[in-house]
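One-letter residues, chain by chain:
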Amino acid sequence: MTSTVVTERSDDHRRGDSADPDLVGGTRNGPPVLSRGAVLTTRVVGVAAVVGVAFTVWLGLWVTPPDKVQGNLVRLVYIHPGVAWVALYLAFGLAAVASLLYLWPRTRSLFWDRLAAAAVEVGVVFNVCTLISGSIWGRPTWGVWWAWDARLTSTAALLVLFLGYMALRRVPAEPEVRAKRSAFAALFAALDVPIVHFSVVWWKTLHQGATVLNANLSPTIHGSMAWTLLLGFVALTLVFVWMLLVRYRIGVLEDWVGSGELDLALRERQAEGIAPPVAPADVQPAPPAPAETPAGREAPREIAEVSQ
Amino acid sequence: MWRDAALVAGKDLRIEARSKVALSQVAPFGVVALGLFAFALGPDRAPMVSGAPGLFWVAVLFSTVLAIQRSVSVESADGARDGLRLSGLDPAGLFLGKALAVAAQLVVLELVLTVGVVLLYGAAVKTVWLIAVACLLGTVGLAAAGTLYGALSAGIRVRETLLPFLLLPVVTPILLAGTRIWQAGLAGGTPSDATPWLHLLLAFDAVYLAVGVVVYGPIQEAT
């Protein structure tokens with residue numbers, strides 16, 4: 001996906017991301033390009049994620065035995081807690097920390113802003129997956145698709161907070177303004193999370209307690225099931241990291257396209273003004289070289305398609 | 001800081017005293033919401049009485065959104081926001097002042113709604129002080145969090161639609177806690193029933209007041 005984007009070049013003045021160690025160029029030499037190390041990392045993580053998920057599926061569906069009480073339903077346990085771990089702790093924690101680092105003047109960099117944005121967006125996907133997989137488990141077990149239990153409710157509340165953050169991000173603004181706003185929103189939401197959590201725990205609870213990370217740190221399941229569960233955690237974490245890397249990259253390209261849009265529109269208007277159909281003698285000398293224009297027009301359009 | 005807060009709160013309340021937007025639009029909206037809830041729950045008294053605490057707080061939450069919108073829009077015309085920033089007032093004082101003005105209006109609104117709940121739903125208040133404390137603590141939290149989010153969305157054109165979506169999920173704990181304390185208050189429960197919820201409200205208030213005092217200045221610069 002990314003390789004098709006970086007081959008296109010255009011020569012206008014675009015603001016790139018000089019703060020980012022993994023990106024080269026992006027100023028006037030065309031879109032920011034990933035360094036080889038970054039490309040390699042993304043690929044390795046992606047392949048590892050695919051392999052991990054494949055193994056989890058194989059172990060979870062064929063190797064492990066059905067549970068005595070829950071039967072085949074127990075197989076959801078290899079996915080659901082892992083997805084929830086990513087959504088509730090990893091993604092949101094990363095978004096909160098990255099937002100704080102953005103707000104802290106000494107570490108202020110658009111890198112943290114984009115990282116937070118990527119973490120939130122991927123976190124939303126995982127959060128929805130948590131709710132769906134939990135719902136699939138809840139229907140046969142509890143007899144309802146949705147129960148107003150503490151964990152479900154706080155997971156849903158977290159989703160809504162995440163979605164609010166994304167809505168705020170969608171408001172058009174300069175990258176720095178948007179970054180500050182979003183970071184504050186993430187901070188306020190993060191502060192709210194423990195309060196929301198306690199309030200819904202006190203409100204009602206009937207969800208089963210933590211299985212792996214219980215008070216004694218001794219898992220209450222064992223054998224192949226425990227290993228599959230653990231592998232599921234690792235595989236889903238890898239999936240998260242891979243999605244995070246790709247989303248981050250798209251964020252950089254989005255900002256690059258956004259910052260170049262006005263330049264591009266101006267040049268297109270200029271190009272119309274000097275087009276041959278009207279008497280060429282009256283026209284001012286053309287500022288941009290004619291050969292550049294088509295390339296300049298094409299490149300961002302393609303990026304825009306990729307980034308959507 | 002406190003002097004600045006009093007100045008700003010006085011300004012906002014004076015604007016309200018002259019324009020009467022909260023009195024003639026926000027408070028009536030709250031009463032209309034109470035009426036709608038009554039229609040939704042049917043003419044029987046029982047569901048209305050049992051739902052009264054929650055319905056009261058939902059009405060308060062919705063009205064809060066309107067009050068915050070108003071509090072922000074007061075500053076949005078004629079470059080008033082820039083004027084405030086140029087005035088040299090302490091941002092912390094500004095935050096406290098804006099929040100105080102909203103809180104004052106919300107207290108009046110809650111009085112109106114309490115009377116409405118008692119009269120329209122037939123709910124009987126048994127432990128008055130519990131209900132009063134819940135309202136006060138809830139109001140402080142709503143005003144603080146609301147003012148923060150109001151400032152965050154101040155420069156945004158889609159503020160009217162964005163603010164409720166951002167604010168309402170954040171203040172859900174106030175709805176939960178307020179409702180539970182009200183339930184205890186209406187049932188004549190002992191204070192111990194409500195203690196954890198009162199602590200929760202206190203924590204919410206403390207967190208958002210503290211954050212507001214610290215970050216209101218940077219937020220103003222950001223938007």
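Our subject in this report is the structure included herewith. (Residues numbered from 1 in each chain as written. Chains lettered and ligands numbered in written order. Predicted model: local features only at pLDDT ≥ 70, side-chain atom pairs only at ≥ 80, totals over all residues. Heavy atoms only, no water.)

**Section: the packing of aromatic side chains**
Residues and elements named next belong to chain A. Formally: Pairing of aromatic rings covers Phe, Tyr and Trp, the last through its six-membered ring, and needs centres within 6.5 Å; plane angles under 30 degrees mean stacked, over 60 mean edge-to-face, and all others mean tilted. By definition, any uninterrupted DSSP run of H or I lasting at least four residues is a helix, any uninterrupted run of E lasting at least two residues is a strand, and each is numbered from the N terminus. Classification of residues uses two cut-offs on accessible area relative to the type maximum, computed with a 1.4 Å probe and protein chains only: under 20% is buried, over 50% is exposed, and between them is partly exposed.
On inspection of all chains with the given rule, the structure shows 14 aromatic pairs over all chains. Here F92 and F162 contribute two aromatic rings whose centre-to-centre distance is 5.1 Å and whose plane-to-plane angle is 65°, an arrangement assigned as edge-to-face. Of the two residues, F92 sits in helix α3 (residues 80-103) while F162 sits in helix α5 (residues 150-170), which places them 70 residues apart along the sequence. On the basis of relative accessible area, F92 is assigned to the buried category, the value being 11%. Linked through ring pairs, F111, W112 and Y248 together constitute an aromatic cluster.

**A look at the environment of A:W112**
All names here are of chain A. Selection rule: Residue contacts are defined here by distance: any two heavy atoms, one from each residue, within 4.5 Å place the two residues in contact.
Structurally, the position occupied by W112 is in helix α4 (residues 110-142). By relative accessible area, W112 is classed as partly exposed at 23%. For the pair formed by W112 and A98, sequence separation is 14 residues and the distance between their alpha carbons is 5.0 Å. With near-sequence residues (within four places) excluded, W112 lies in contact with A98, L101, Y102 and T107.

**Overview of the pattern of salt bridges**
Threshold: Within this document, salt bridges are pairs made up of a side-chain nitrogen of Lys or Arg and a carboxyl oxygen of Asp or Glu, the two lying within 4 Å of each other.
Within this structure, the stated rule accounts for eleven salt bridges over all chains. A salt bridge links A:R269 to A:E272; the nearest nitrogen and oxygen atoms lie 2.7 Å apart. With A:R269 and A:E272 both in helix α7 (residues 224-273) and three residues apart, the pair spans about one turn of that helix. Under the relative-accessibility criterion, A:R269 is labelled exposed at 58%. You can call A:E272 partly exposed: its relative accessible area is 49%. Here the salt bridges do not stand alone but share partners, grouping B:K11, B:D12, B:E75 and B:K98 into one network.

**Quick look at helix α9 (residues 191-222) of chain B**
Selection criterion: Given the number of residues in a helix, its expected span is that number minus one, multiplied by 1.5 Å. Take the seven residues that end at a residue and the seven that start at it, fit an axis to each, and the angle between those axes is the bend at that residue.
Here α9(B) is 32 residues long and its end C-alpha atoms lie 43 Å apart, about the 46 Å a rise of 1.5 Å per residue gives. Along its length, α9(B) shows its largest kink, about 55°, at B:V215, and proline B:P218 lies within four residues downstream of that point.

**Side note on empty space enclosed by the protein**
Residues and elements named next belong to chain B. The test is simple: As defined here, a cavity is a set of points on a 1 Å grid over the protein atoms alone where a 1.4 Å probe fits but cannot get out. A pocket is an open set with protein on both sides within 12 Å along at least five of seven lines, and residues line them when an atom is within 4 Å of a point. Grid points are joined across faces, edges and corners, and a volume is the space filled by probe spheres set on the points. Throughout, the ten residues Ala, Val, Leu, Ile, Met, Phe, Trp, Tyr, Cys and Pro are labelled nonpolar, Asp, Glu, Lys and Arg are labelled charged, and all others, Gly among them, are labelled polar.
With the rule as written, the count across this model stands at four cavities of 30 Å³ or more. In this model, the largest cavity occupies a volume close to 170 Å³. Together, 16 residues line the largest cavity, and E75, R81, K98, A151 and Y216 are the ones closest to its centre. Going through the elements one at a time, α3 (45-76), α4 (80-86), α5 (91-121), α6 (128-152) and α9 are the ones with two or more residues in the lining of the largest cavity. Tallied by class, the residues present in the lining of the largest cavity amount to seven nonpolar, six polar and three charged.

**Side note on a nonpolar patch on the surface**
Counted only if it meets this: Candidate patch residues must exceed 30% relative accessible area and have no salt bridge, after which like charges are joined if within 9 Å and Val, Leu, Ile, Met, Phe, Trp or Tyr side chains if within 5 Å. Using a 1.4 Å probe, accessible areas were evaluated by the Shrake-Rupley method; residue-level cover was limited to the displayed protein chains.
On the surface, A:V47, A:V51, A:V53, A:F55, A:V57, A:W58, A:L61, A:W62 and A:V63 cluster together into a nonpolar patch covering about 850 Å² of accessible area. Here A:V47 shows up in helix α2 (residues 36-63).

**Some details on the interface of chain B and chain A**
Going by this rule: As used here, buried area is the combined drop in accessible area, with a 1.4 Å probe, of two parts when they are placed together. For the purposes of these results, a polar contact is taken to be a pair of N or O atoms within 3.5 Å, where, inside protein, one atom must be able to donate a hydrogen and its partner to accept one; residues adjacent in sequence count only when each atom of the pair is a side-chain atom.
Across the boundary between the two partners, chain B contributes 26 residues, which contact 24 residues of chain A. Taking both partners together, chain B and chain A bury about 2,300 Å²; carbon and sulfur atoms supply 82% of that area. Counting across the chain B and chain A interface gives zero salt bridges. Viewed at the interface, chain A and chain B are joined by one residue pair in polar contact (both at pLDDT 80 or more). Looking at the side of chain B that touches chain A, the elements with two or more residues in it are α6, α7 (159-170), α8 (172-187) and α9 of chain B. Here the element with the most residues in the side of chain B that touches chain A is α9(B); it accounts for eleven residues. Residues of the side of chain B that touches chain A, tallied by class, amount to 23 nonpolar, two polar and one charged.

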